[in-house]
Amino acid sequence: MAYVIKDTCISCGACASECPVSCITEGDIYVIDGGACIDCGSCAGVCPVDAPQPE
Ligand code: SF4
Ligand code: SF4
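So, here is what we can say about the structure in this document.

Reading the values: the criteria
- Residues numbered from 1 in each chain as written.
- Chains lettered and ligands numbered in written order.
- Predicted model: local features only at pLDDT ≥ 70, side-chain atom pairs only at ≥ 80, totals over all residues.
- Heavy atoms only, no water.
- Helix = DSSP H or I, 4+ residues; strand = E, 2+ residues; numbered from the N terminus.
- Contact = heavy atoms within 4.5 Å.
- Areas by Shrake-Rupley, 256 points an atom, 1.4 Å probe, with all protein chains shown as cover.
- Near = heavy atom within 4 Å.
- Nonpolar A, V, L, I, M, F, W, Y, C, P; charged D, E, K, R; others polar.
- Core = buried A, V, L, I, M, F, W, Y, C linked by side-chain atoms within 4.5 Å.
- Buried < 20%, exposed > 50% of the residue type's maximum accessible area, 1.4 Å probe, protein only.

Examining the overall build of the protein
- On a plain count of helices and strands, the protein comes out with 2 helices and 4 strands.
- Along the protein, helices (α) and strands (β) appear in the sequence β-α-β-β-α-β when read from the amino end.
- Along the first, second and third principal axes, the C-alpha atoms of the protein reach 25 × 15 × 15 Å.
- For the protein, the proportion of contacts with a sequence separation of at least 24, taken over those separated by at least 6, is 58%.
- Total accessible area on the protein is roughly 3200 Å²; 48% of this is exposed by carbon and sulfur atoms.

Here it is as structure tokens:
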């Protein structure tokens, strides 16, 4: 399983610096590389709009 960033993302960037495996990158919105995500939930913990959700 991996986390996925929903389209409610406001591109604040807070999650990217919290990810221990640096698998979050900026696109149209921020995007998680599901193959690298270790499902730690740190991104969800810092997101102001709850955009990262377990897949
Ligand atoms: S759940 Fe953890 S490893 Fe996966 S994208 Fe979020 S911060 Fe990174
Ligand atoms: S913390 Fe939430 S709103 Fe900010 S870039 Fe990450 S997913 Fe998007």
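Now, onward.
Describing the site of ligand 1
- Close contacts around ligand 1 come from 14 residues, with C19, C37, C40, G41 and C43 the closest.
- Broken down by class, the residue content of the shell around ligand 1 amounts to 11 nonpolar, 2 polar and 1 charged.

Points about the site of ligand 2
- Every one of the 14 residues lining ligand 2 counts as a neighbour, but C9, C12, G13, C15 and C47 are closest to it.
- The residue inventory of the shell around ligand 2, partitioned by class, reads 12 nonpolar, 2 polar and no charged.

What about the nonpolar core?
- Counting 14 residues, the largest nonpolar core has I5, C15, I24, Y30, I32, C37 and C43 as the members making the most contacts within it.
- Contributions of two or more residues to this core are made by β1 (3-5) and β3 (30-32).
- Excluding its chain neighbours within four sequence positions, the residues that come into contact with C43 are Y3, C15, I24, I32 and P52.

Description of the environment of V49
- Considering the arrangement of structural elements, one finds V49 in the loop between α2 (42-46) and β4 (52-54).
- Taking the C-alpha atoms as reference points, V49 and T8, 41 residues apart in sequence, are found 7.0 Å from one another.

Purely spatial values, then, with no claim about function.
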